[in-house]
Each structure stands twice: as C-alpha cells, then as structure tokens.
Amino acid sequence: MATPVTVGLRLGIGAAPPSGAALAIAGERVPVQITAGPTTLRGEAVPGDTGVAVEGGLAVLLAGELHSGPGGAQLLLQTWQRYGPAALRLLQGRFAAVVLDGDRLTLATDHAGSVPLYVRAVEGGLQVATEAKAFAAGRSAALPGTAPVPGPAGVLRVRAGTAVTVPLGGGPAAAIRTWRPPEHREALPPDQAVTRVREALEAAVSSRIGDGDVTVVLSGGIDSSAVAALARRHARGTVTTVSLGTDAGDEFDAARLVADHLGTRHEELRVRSEDVVGALAWAVAATEIVDADVLEYLLPLVVLHRALPAGPRRVLTGYGADIPLGGMHRTERSLAPLDAVIAEDMATFDGLNEMSPVIGAVAGHWTTHPYWDRTLLDLLVRLDPGLKRREGIDKWVLRRAVADLLPEKTVRRPKLGIHEGSGTTSTWTAMLRAEGLPAELVAAAKGAMATAIHARVVGLGESPEGLDVGEVLRGTVAGKRLVAR
Ligand code: AMP
Ligand code: MG
C-alpha cells in the first residue's frame, strides 16, 4: 500500500538540486524533471504518485494534500490557472507547494506552515527541499517571506501562510501572506458556538480520513477522543486506535474506555521510557528544531509512529487543540491572561515544526491534525475566551461539542500532556540527574543535547540510526558549561 500523498521534495530550479543528506522520510524516490520555457526543474519527489501536475509552461509540485477537493497538484494547477497566486489564499490543506509559472517560481506553505519548506537562493536559480538537512553547508541570498533556520545549514524557511515568488530571470522577489491568525474575538451565544465547533471539527475530520483505513493516536483525553469518535462516524474503512505507554506511565485505561465505547480496533504499545528519550535523534531529524520543550512533546509520537505495526498508515491526531483553546493553561482562572497566552502562542508557532509530516513519515506514515484545519482553527482562535473556559471547565466549547459521542468520564477528563502521561519529561530528567547533573541545570542540558544532535543530523546530515543519544547525554553533562535557565 502506497502512502496516499507525496510527502517530500528535493529540487533544483535553474540550479543543481541541493546536495546535502538524504531526506529522512521513508518511501520510494521518484525522479522529477520538468522543463518550462528556459527553466529546468529537477530532483525527486518521495513517494511520487500524486505530487506533480504540468500543463504548458505551468508546473505544480505538491508535498502533502489539499482538503478543498480531490486532485492534489492537479487541483492546485487548475485553481492557479484561474486565480494565480491568490489560489493559495483560496485552497486549504496540509502542504508545501512549488509552482513554476513561466519564468516565475512560487514557493508556498499552507496557512500553518505545517509542511516545512526550505530554500536557498544560489547563482542562477534556487534549491528547494522539504527538509533542511538536504542542503550541504552554505549560505543563501536573502528572500522575503522567509526566516533563517537554526544551526549550520545556512538555509531559509518559507514562513507559515506565505507564498514567495522569485523571478528567475532576475529582479526582486516578493512575498504575500495567505493567512494570518485572527486577533479579534467573537462572543457567540454558547449554543451557537458549540454547534459551529462541532460542524467544523466534523468537516475537518471527514476531509482528512481518505477512503480507506485510518489510525487515530489516542490518549483518551478530550482532543484525540473527539477525533476518534468522528473518524469512527465518517471513515469508510476500519478505524484503529493506538495508545502508547511506558514503564514510567500510561493512559491505557482512559484510551481503552473510549475505544470500547466507539468500537474501534484498539492497540496498546508499551515501550521502555529510556527508549523514548533514546529516540531524540529521530525526533530532531524529523522536526529539525532545537527547542527541547517541543521535542519533549514530540518524542513519544515519534516513538509511536516508528512502533506502529504494518504501514504505511493514515494517522489522525488530536495535536494542537490546546493552542487555540488555551488547554495548556488549564488552571488559569481569569480570561484576560488566558486570551493573552492564546494570542502569544498563535503569534509564535511558526518554525516550531510541531506538525511536520516528517514526524510520521520517518516511519512511512502520513499524519494529519484536524484541529489545525484552517476553518476550524480560525473559528477556535476567534471564539470569546469565555467559551473556552466556562463554568470552571477548560476547553468547555469542545467538550460540549462532542459530549454526545463519548463517555461522560472522557468528556470531563482533565488534560494530561503526552510528555506527562508517558513519563518522558521525568525520565529524561532522571537520566541527566543520574549522571550527577544538578537540578537547576536540567533544562539547559536538554537544550544543549538538542542543539548538539541538531548540528549532527541536520548540519552534517548524519543518520539518526547510528547516533547514540546516551553518549550525547553523558558528554553534555561531563563536558559542557551549562548555565541555569
Ligand atoms: P497531548 O499532549 O496530550 O495534547 O497530546 C497530543 C496528541 O498526541 C493527542 O491528542 C493524541 O492524539 C496524541 N497522544 C497523546 N498521548 C498519547 C498516548 N499516550 N498514546 C497515543 N497517542 C497519544
Ligand atoms: Mg493528553
């Protein structure tokens, strides 16, 4: 069974393709070579089944999928013929796109930048890839609508909700925004807000389940349980739910309660908590970030995807619901600070790569996150914070929106972060402390480990396979001068 979408690209446009490390994603490499007018675009798509559409002087390459309708790259091509770059403000999806239109090249991300896209402007053209490690060390000429990437790769990242157009014959490049997080709020009547959240979540899940089997990574919290319930309702194939636990903790009972209620095919996977921390090289290779807090959330998911039997799978998660709903701030009782953290988190998510498809694609799976569907996210961010915390209940509007689908206990269940439920945070801390590291240096040591691993797997293109995270941990404690944060 093929992965349903092209996940990764590596391309040279008027220049050689980037010559760094292999993309970390699994799957067949399909060569791409397109000539439009004077320009040749060549490289690879992984896997290559639906990601390319060409007509006359117009070529579209799509890593990811569109949710506005079927057809992938072909749909973008047809929409572009009618609207030009404004097509990128119209279509919704989880994608990075490269569009060659005559002598102009456009690089675009979806509204959330959920499929990272990296670029280097070189003599005569551009090098583009969906992973920074694909570039050998070097530098890029400046481009609007981009940001530099941490570490030694010397490449630029196309910002979230942005389309960058570069005239290949010379002349200034320009960037447009295709989406921005809303900054105003709407005080809808509570019943109406609940109905609209339900409708938008239902549409977000049904546009992501494809026409075959789906897997939902299920903690048994409200976010992933709601996704599982709606997947069960709309899927044409079998819905499998999977829950990850370790020796340091699990949420198996909560997930099992939901799975039994919904009648999903349910799997429990238990791994050693030290092996979750040991997957740090894979998490860094997949996300290409150095933020240890974010890596801590993502480590269990990387482990889960790699442990899933029989792939490739289409995987739905409940990831990201807490950002527009303020779920991480569940003990915050006043609405002003709750809304302030929501505004802050929505203004600063770009570049964290939390939703990068590479996180699942290192194991060949296609992951997708319904709460960051553009329509749903737009609605959730805009809602009056008094609908997010109401009657002393966090994420009130979401809980009410799916109350009819889930056990009452699930609807009422307080949030537990994946890094807490799986014991990832505490295990990583304990491993550092066991080497004699004082408690006040733990946060700095986690950051230093992430940076050291990033320099190797992204900067130097080393494979995460052979990288010994334990050795990095011991080296960090023994050798580095850490400063308490
Ligand atoms: P959380 O940090 O709990 O919001 O986790 C984000 C998402 O990761 C959830 O919505 C689930 O889809 C998934 N997830 C969290 N914990 C687990 C777990 N123990 N097993 C499987 N999936 C999980
Ligand atoms: Mg949770």
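Residues numbered from 1 in each chain as written. Chains lettered and ligands numbered in written order. Predicted model: local features only at pLDDT ≥ 70, side-chain atom pairs only at ≥ 80, totals over all residues. Heavy atoms only, no water.

Now for the layout of surface pockets. The space that makes up the largest pocket amounts to roughly 880 Å³. The wall of the largest pocket is formed by 44 residues, among which Tyr-319, Asp-322, Lys-415, Gly-417 and Ile-418 lie closest to the centre. At the level of secondary structure, the elements contributing two or more residues to the lining of the largest pocket comprise helix H4 (222-234), strand E15 (239-246), helix H8 (292-307), helix H9 (322-325), helix H10 (335-348) and helix H16 (418-421). Broken down by element, the residue count for the lining of the largest pocket peaks at five residues, all from H8. Of the residues in the lining of the largest pocket, the class split is 18 nonpolar, 13 polar and 13 charged. (1 Å grid on protein atoms, 1.4 Å probe; cavity = no way out; pocket = protein on both sides within 12 Å on 5 of 7 lines; lining within 4 Å. Points joined across faces, edges and corners; volume = space filled by probe spheres on them. Helix = DSSP H or I, 4+ residues; strand = E, 2+ residues; numbered from the N terminus. Nonpolar A, V, L, I, M, F, W, Y, C, P; charged D, E, K, R; others polar.)

Quick look at helix H18 (residues 442-459) now. Across its 18 residues, H18 extends 24 Å between first and last C-alpha, which sits within 8% of the 26 Å expected from 1.5 Å per residue. The buried count for H18 comes to 13 of 18 residues, which makes it a mostly enclosed element. Just beyond H18, the residue with positive phi is Gly-461, at close to 70°. (Expected span 1.5 Å × (residues − 1). Buried < 20%, exposed > 50% of the residue type's maximum accessible area, 1.4 Å probe, protein only.)

The next subject is the packing of H8 against helix H17 (residues 424-434). Two numbers describe a pair of packed helices, the interaxial angle and the distance between the axes. Taken N-terminus to C-terminus, the directions of H8 and H17 make an angle of 115°; their axes are 9 Å apart at the nearest point. Between H8 and H17, the contacting residues are Ala-292, Glu-296, Leu-299 and Pro-300 on the first element and Thr-424, Thr-425 and Trp-428 on the second. Split into classes, the residues belonging to the contact of H8 with H17 amount to four nonpolar, two polar and one charged. (Axes fitted to C-alpha atoms, helices over the stretch in contact; angles between N-to-C directions. Contact = heavy atoms within 4.5 Å.)

In the vicinity of ligand 1 there are 17 residues, among which Val-217, Leu-244, Gly-318, Lys-415 and Ile-418 approach most closely. Between Leu-218 and ligand 1, the recorded distance is 3.5 Å, taken from a backbone N or O atom to a nitrogen atom. The backbone of Gly-318 places a nitrogen or oxygen atom 2.9 Å from an oxygen atom of ligand 1. Computed on the free molecule, ligand 1 has an accessible area of 470 Å², of which 94% lies beneath the protein chains in the complex. Cavity membership is defined here by more than half of the atoms lying within 2 Å of grid points; on that basis ligand 1 lies in the largest pocket. Of all the elements in the fold, those that place two or more residues in the shell around ligand 1 are E15 and H8. For the shell around ligand 1, the element with the highest residue contribution is E15, accounting for three residues. Across the shell around ligand 1, the residue classes tally to nine nonpolar, six polar and two charged. (Near = heavy atom within 4 Å. Polar contact = N/O pair within 3.5 Å; in protein donor to acceptor, adjacent residues only side chain to side chain. Areas by Shrake-Rupley, 256 points an atom, 1.4 Å probe, with all protein chains shown as cover. Sits in = over half its atoms within 2 Å of the grid points.)

The next subject is the pattern of salt bridges. Counted by the stated rule, this structure contains 26 salt bridges. Of the charged contacts in the structure, one is a salt bridge between Glu-186 and Arg-382, with a shortest N-O distance of 2.8 Å. With a gap of 196 residues between them, Glu-186 in the loop between strand E13 (174-177) and helix H3 (190-206) and Arg-382 in helix H12 (residues 374-382) connect regions that are remote in the sequence. Residue Glu-186 is classed as partly exposed on the basis of its relative accessible area, which comes to 27%. Measuring nitrogen to oxygen at the nearest pair gives 3.5 Å for the salt bridge that ties Arg-233 to Glu-202. Linking Arg-233 in helix H4 with Glu-202 in helix H3, this pair joins segments that are 31 residues apart in sequence. What you see here is one network of salt bridges that share partners, running through Arg-198, Glu-202, Arg-233 and Asp-404. (Salt bridge = Lys/Arg side-chain N within 4 Å of Asp/Glu carboxyl O.)

Spatial strand order, E4-E5-E6-E7-E12-E13: six strands in an open sheet with antiparallel pairing. Whereas interior strands pair on both sides, the edge strands pair on one side only; in this sheet they are strand E4 (52-55) and E13. Across this sheet, the average inter-strand angle for adjacent strands is 15°, counted without regard to direction. In this sheet, strand E5 (residues 58-66) lies alongside E4 in antiparallel orientation, the contact comprising four bridges. Across the sheet, the residue bridging to Glu-55 is Leu-58, located in E5. (Pairing = 2+ DSSP bridges.)

No statement about biological role is implied by the geometric values presented.
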